[in-house]
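# Coordinate inspection notes
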Amino acid sequence: AQSVSQHNHHVILSEAASLELGCNYSYGGTVNLFWYVQYPGQHLQLLLKYFSGDPLVKGIKGFEAEFIKSKFSFNLRKPSVQWSDTAEYFCAVKDDSGAGSYQLTFGKGTKLSVIP
Amino acid sequence: DTGVSQDPRHKITKRGQNVTFRCDPISEHNRLYWYRQTLGQGPEFLTYFQNEAQLEKSRLLSDRFSAERPKGSFSTLEIQRTEQGDSAMYLCASSMGLEANYGYTFGSGTRLTVV
């Protein structure tokens with residue numbers, strides 16, 4: 001079974017600091033990768049996704065993520081965080097091997113607190 | 001269309017009671033998913049519908065759980081004989097196939113508390 005590990009449970013940064021959130025997954029086959037964000041009191045929203053092609057993916061609000069297949073990683077980055085980025089961030093993976101599973105497997109999430 | 005709607009937003013029930021939740025996906029989305037999220041965890045997959053057909057079920061979906069999508073539009077998730085361990089946020093998501101293009105859109109969830 002797939003699993004997703006997010007290395008940090010809670011990250012605290014000052015505004016303008018750079019952000020990198022780690023995500024590793026266990027599955028060795030073809031995968032689709034996602035980062036979702038959940039702002040306080042809101043529903044999960046898609047930040048960015050990787051399906052194929054350029055391993056450096058750009059998403060909304062200045063976020064980007066890099067897929068490194070050899071490391072089974074899909075880390076999320078932002079060069080300069082803002083207070084409004086305070087939220088919980090979830091990494092998710094979907095098996096795209098053609099075995100027919102449509103489920104996303106999520107990590108436990110990383111809470112980001114940005115201090116003004 | 002404002003997105004995926006879930007009703008109710010909150011439900012408090014006594015142990016042993018049955019509960020039913022409703023999900024209205026984005027109207028043109030033919031794929032619908034249910035997930036469960038407990039405190040400190042990411043969402044966990046429960047089940048998947050393509051149109052009215054339930055094509056995938058997780059082992060988490062015990063025989064007390066049943067989901068339907070009778071006309072390929074809205075879906076219901078019923079939990080019979082609720083237990084305290086069922087307390088969680090139940091999330092619905094939908095997509096229009098081709099997740100490469102569209103991704104999954106989540107609703108705000110129904111928070112269930114079993115007392």
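Located above this text is the structure these notes cover.
Residues numbered from 1 in each chain as written. Chains lettered and ligands numbered in written order. Predicted model: local features only at pLDDT ≥ 70, side-chain atom pairs only at ≥ 80, totals over all residues. Heavy atoms only, no water.

## So, the overall build of chain A
The line we're drawing: Each helix corresponds to a stretch of at least 4 residues labelled H or I by DSSP, and each strand to a stretch of at least 2 residues labelled E; elements are numbered beginning at the N terminus. Here the globule rule is a power law, 2.2 Å times the number of residues to the power 0.38, and the radius of gyration is based on C-alpha atoms.
The secondary structure content of chain A amounts to zero helices and twelve strands. Reading the helices (α) and strands (β) of chain A from amino to carboxyl end gives β-β-β-β-β-β-β-β-β-β-β-β. For chain A, whose C-alpha radius of gyration is 14 Å, the value lies close to the compact-globule estimate of 13 Å for 116 residues. For chain A, the spread of C-alpha atoms along the three principal axes comes to 45 × 30 × 20 Å.

## Things to note about the overall build of chain B
Condition: Remark: exposure states derive from per-residue accessible area (1.4 Å probe, protein chains only) relative to the maximum for the residue type, with buried under 20%, exposed over 50%, and partly exposed in between. Computed with the Shrake-Rupley method and a 1.4 Å probe, the accessible areas treat only the protein chains shown as cover for residues. We score Asp and Glu as negative and Lys and Arg as positive, and we do not count His or the chain ends. Think of each charge as sitting on NZ of Lys, CZ of Arg, CG of Asp or CD of Glu.
Looking only at helices and strands, chain B has one helix and eleven strands in total. Secondary structure elements of chain B occur, N-terminal to C-terminal, as β-β-β-β-β-β-β-β-β-α-β-β. Projected onto the principal axes, the alpha-carbon positions of chain B cover approximately 40 × 25 × 25 Å. Within chain B, the proportion of its 115 residues that are buried is 49%. In the structure as shown, chain B presents an accessible area of about 5800 Å², 44% of it carried by carbon and sulfur atoms. Distance between charge centroids for chain B: 6 Å, based on 14 positive and 13 negative side chains.

## Re the pairing of strand E5 (residues 31-38) of chain A
Residues and elements named next belong to chain A. We apply this condition: Note on pairing: two strands pair once DSSP finds at least 2 bridges between them.
Taken across its eight residues, E5 has eight buried, putting it largely inside the fold. Of the two faces of E5, the one holding Val31, Leu33, Trp35 and Val37 and the one holding Asn32, Phe34, Tyr36 and Gln38 are both buried throughout. Linking E5 back to strand E6 (residues 45-50) in an antiparallel pair, the connection comprises six residues, with Gly41 at a positive phi of about 80 degrees.

## What about the state of the cysteines?
All names here are of chain B. Threshold: Disulfide: a pair of cysteine sulfur atoms within 2.5 Å of each other.
Summed over all chains, the structure comprises two disulfides over all chains. Each sulfur of the disulfide joining Cys23 and Cys92 lies 1.9 Å from the other. Between Cys23 and Cys92, the disulfide has an S-S torsion of -70 degrees and is therefore left-handed. Of this pair, Cys23 sits in strand E3 (residues 19-24) while Cys92 sits in strand E9 (residues 88-95), placing them 69 residues apart in sequence. Side by side, Cys23 and Cys92 carry an identical accessibility label, which is buried.

## Let's talk about the sheet that holds E3(B)
All names here are of chain B. Rule in force here: The axes used here are C-alpha line fits, helices contributing only the stretch in contact, and every angle between their N-to-C directions lies in the interval 0 to 180 degrees.
Pairing is antiparallel in the open sheet, where four strands are placed in the order E1-E3-E8-E7. Each edge of the sheet is formed by a strand with only one pairing partner; in this case those strands are strand E1 (5-7) and strand E7 (65-68). Averaged over neighbouring strand pairs, the angle between their axes works out to 15 degrees when direction is ignored. As judged from the four bridges shared by E7 and strand E8 (residues 75-79), these two strands associate in the antiparallel manner. Residue pairing in the sheet places Ala67 in a bridge with Leu77 of E8.

## With respect to the pairing of strand E10 (residues 87-95) of chain A
All names here are of chain A. In terms of burial, E10 is a largely internal element, nine of the nine residues being buried. Going residue by residue along E10, you find Ala87, Tyr89, Cys91, Val93 and Asp95 tucked away on one face and Glu88, Phe90, Ala92 and Lys94 tucked away on the opposite face as well. When E10 meets strand E11 (residues 105-106), the two strands line up antiparallel, connected through two bridges. Among the inter-strand pairings, Val93 is bridged to a residue of E11, identified as Thr105.

## So, the interface of chain A and chain B
How we decide: Contacts were defined at the residue level, with two residues in contact if any of their heavy atoms lie within 4.5 Å. Buried area counts how much accessible surface, traced with a 1.4 Å probe, disappears from two parts once they are put together, with both parts' losses summed. Only one rule defines a salt bridge in this text: a Lys or Arg side-chain nitrogen within 4 Å of an Asp or Glu carboxyl oxygen. For this analysis, a polar contact is any N or O atom pair within 3.5 Å, provided that within protein one partner can donate a hydrogen and the other can accept it, and provided that sequence-adjacent residues contribute only side-chain to side-chain pairs. Three categories are distinguished: nonpolar for Ala, Val, Leu, Ile, Met, Phe, Trp, Tyr, Cys and Pro, charged for Asp, Glu, Lys and Arg, and polar for the others, with Gly belonging to the last.
Taken together, the contact between chain A and chain B spans 18 residues of the former and 22 residues of the latter. In total, chain A and chain B occlude about 1700 Å² of area from one another, counting both sides; carbon and sulfur atoms represent 58% of this. At the boundary of chain A and chain B, one finds zero salt bridges. Viewed at the interface, chain B and chain A are joined by four residue pairs in polar contact (both at pLDDT 80 or more). Broken down by secondary-structure element, the contributors of at least two residues to the side of chain A that touches chain B are E5, E6 and E10 of chain A. Of the residues forming the side of chain A that touches chain B, the biggest block, three residues, is contributed by E5(A). Per-class residue counts for the side of chain A that touches chain B are nine nonpolar, six polar and three charged.

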